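Remarks on the overall topology
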Amino acid sequence: MFQGEKKRVTVMNLLFVGDIVGKGGRKAAKTLVPEIRRKYNCSFCIANGENSAGGSGINEKCINDLLGSDGYIDVITLGDHVWAQKSFAQEIKSQKNVLRPANLNPKQPGYGYKIFRVPAGGEIAVINLLGTIYMKDGIWCPFEEITGILNRLPSRIKCIFVDFHAEATSEKIAMGRLLDGKVTAVLGTHTHVQTADAVILPGGTAYITDAGMVGADFSILGRSVEDVVSKFTDGMPRRLNVVEKGIIRLDAVVVSYNIKTGRAEKIQPVSCKIQV
Ligand SMILES: [Fe+2]
Ligand SMILES: [Fe+2]
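Residues numbered from 1 in each chain as written. Chains lettered and ligands numbered in written order. Predicted model: local features only at pLDDT ≥ 70, side-chain atom pairs only at ≥ 80, totals over all residues. Heavy atoms only, no water.

1. A word on the overall build of the chain
- When helices and strands are tallied, the chain shows six helices and 13 strands.
- Relative to the globule expectation of 19 Å for 276 residues, the C-alpha radius of gyration of the chain, 18 Å, shows essentially globular dimensions.
- Considered along the principal axes of its C-alpha atoms, the chain spans approximately 70 × 40 × 35 Å.
- Taking all 276 residues of the chain together, the buried fraction comes to 52%.
- Restricting the contact set of the chain to residue pairs at least 6 apart, pairs at least 24 apart contribute 64%.
- For the chain, the computed accessible surface area is about 13,000 Å², with 52% contributed by carbon and sulfur atoms. (Helix = DSSP H or I, 4+ residues; strand = E, 2+ residues; numbered from the N terminus. Rg over C-alpha atoms; globule rule 2.2 N^0.38 Å. Buried < 20%, exposed > 50% of the residue type's maximum accessible area, 1.4 Å probe, protein only. Contact = heavy atoms within 4.5 Å. Areas by Shrake-Rupley, 256 points an atom, 1.4 Å probe, with all protein chains shown as cover.)

2. Description of the coordination of the iron ion (ligand 1)
- Protein coordination at the iron ion (ligand 1): the donors are Asp19 (OD), Glu50 (OE), Asn51 (OD1) and His192 (NE2), at 2.1 to 2.2 Å from the metal.
- With four donor atoms in place around the iron ion (ligand 1) and angles of 86 to 171 degrees between them, the coordination shape is irregular.
- Of note, the iron ion (ligand 1) draws all its donor residues from one chain, in the sequence arrangement D-x30-E-N-x140-H.
- In this structure, the iron ion (ligand 1) lies 3.4 Å from the iron ion (ligand 2), and both are coordinated by glutamate 50. Of this pair, aspartate 19 sits in strand E2 (residues 19–20) while asparagine 51 sits in the loop between strand E3 (42–48) and helix H2 (60–67), and the two are 32 residues apart along the sequence. Of the two residues, aspartate 19 and asparagine 51, both sit in the buried class. (Donors = N, O, S within 2.8 Å, 3.2 Å for Na, K, Ca; no water. Tetrahedral: all angles 85-135°; square planar, octahedral: opposite > 155°, others 65-115°.)

3. Quick look at the coordination of the iron ion (ligand 2)
- At this site the iron ion (ligand 2) is bound by Glu50 (OE), Asp80 (OD), His165 (NE2) and His190 (ND1), with donor distances of 2.1 Å.
- For the iron ion (ligand 2), the four donor atoms in the first shell make angles of 88 to 144 degrees at the metal, a pattern classed as irregular.
- The sequence pattern formed by the donor residues of the iron ion (ligand 2) is E-x29-D-x84-H-x24-H.

4. Describing the packing of aromatic side chains
- This structure, assessed with the given rule, holds four aromatic pairs.
- Each ring, one from phenylalanine 143 and one from phenylalanine 164, has its centre 6.4 Å from the other, and the planes form 80 degrees; the classification is edge-to-face. In this pair, phenylalanine 143 sits in helix H4 (residues 142–152) while phenylalanine 164 sits in strand E7 (residues 160–165), placing the two residues 21 residues apart along the sequence.
- Note on phenylalanine 143: relative accessible area 24%, which makes it partly exposed. (Phe/Tyr/Trp six-rings, centres within 6.5 Å; stacked < 30°, edge-to-face > 60°.)

5. Topic: a nonpolar patch on the surface
- Taken together, the side chains of Val193, Ile220, Leu221 and Val229 make up a nonpolar region of the molecular surface, amounting to roughly 300 Å² of accessible area.
- Relative to the helices and strands, isoleucine 220 is located in the loop between strand E11 (213–216) and helix H6 (225–234). (Patch = residues over 30% accessible without salt bridge, like charges linked within 9 Å, V, L, I, M, F, W, Y side chains within 5 Å. Salt bridge = Lys/Arg side-chain N within 4 Å of Asp/Glu carboxyl O.)

6. Describing the layout of surface pockets
- One number sums up the size of the largest pocket: a volume of about 390 Å³.
- Every residue lining the largest pocket is counted, 18 residues in all, and those nearest its centre are His81, Ile220, Leu221, Arg223 and Leu240.
- Looking at the lining of the largest pocket residue by residue, the classes come out as six nonpolar, seven polar and five charged. (1 Å grid on protein atoms, 1.4 Å probe; cavity = no way out; pocket = protein on both sides within 12 Å on 5 of 7 lines; lining within 4 Å. Points joined across faces, edges and corners; volume = space filled by probe spheres on them. Nonpolar A, V, L, I, M, F, W, Y, C, P; charged D, E, K, R; others polar.)

7. Quick word on the environment of threonine 233
- The residue threonine 233 is located in helix H6 in this model.
- In this structure threonine 233 comes out as exposed when scored by relative accessible area, which is 65%.
- Sequence separation of threonine 233 and lysine 27 is 206 residues, and the distance between their C-alpha atoms is 32 Å.
- A distance of 2.5 Å separates a polar atom in the side chain of threonine 233 from the backbone oxygen of valine 229. (Polar contact = N/O pair within 3.5 Å; in protein donor to acceptor, adjacent residues only side chain to side chain.)

8. Looking at the pattern of salt bridges
- A complete count under the given rule lists 10 salt bridges for this structure.
- Close ionic contact of aspartate 65 with arginine 26 constitutes a salt bridge, the shortest N to O distance being 2.9 Å. In this pair, aspartate 65 is assigned in helix H2 and arginine 26 in helix H1 (residues 22–40), connecting sequence segments 39 residues apart.
- Each of Asp217, Arg249, Asp251 and Lys273 takes part in one network of salt bridges that share partners.

Here you go:
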């Protein structure tokens, strides 16, 4: 290298955070995400926010909380609880960095994928998809949807991150295999439990069945152990309170990718805890 010539960065790290649950999850993310970004030198952060408003859905207040400060979260993806907060159908129209699942009825507001400029260099496409197995009705086939989106993306876009929000492991693995070599990463969300299968697939796509959640460590998917166990025990309908205080666990993955080729080089699961 000649003197004065800058070394070109071709590999960057992106932080992908699992479903953020309630106020406790938002508080924990606010402290932990900047720390993790610094530690792993992450130039971009995508987080699933579908449970951030009281455990179900999202609204403008939560979005302002999550996207509010520099070096924090850059893009929020969603899932099956997308319209749980009534105000959000209107609010999403003015949100540039929030995506809803792409395979919803096209008459529904918002966008399911978008291209973002990474301040440190390059562009990435972020795509949000919803699974069909054990999910709500009226979801268009995510496999057909992603094929159409990839055909429509401009050829200059090499770095593509997919949040596949789905219940069934088989559906998620099938999506990973279908997209291997076509996208940078297929990252699962929705089950709130981080899976131990983070891998770089043979074609160069980073994959994990589920990234996990940002929610109470002593909980059932972020909700009160007592409430959920009682519901399973007596079968009676009841409110399942979100655990907002105590030790909150943040689960995420760091994906290292080549910004020229879009290939993933490494996927590292991250998990840490904080008292809120
Ligand atoms: Fe969730
Ligand atoms: Fe979900």
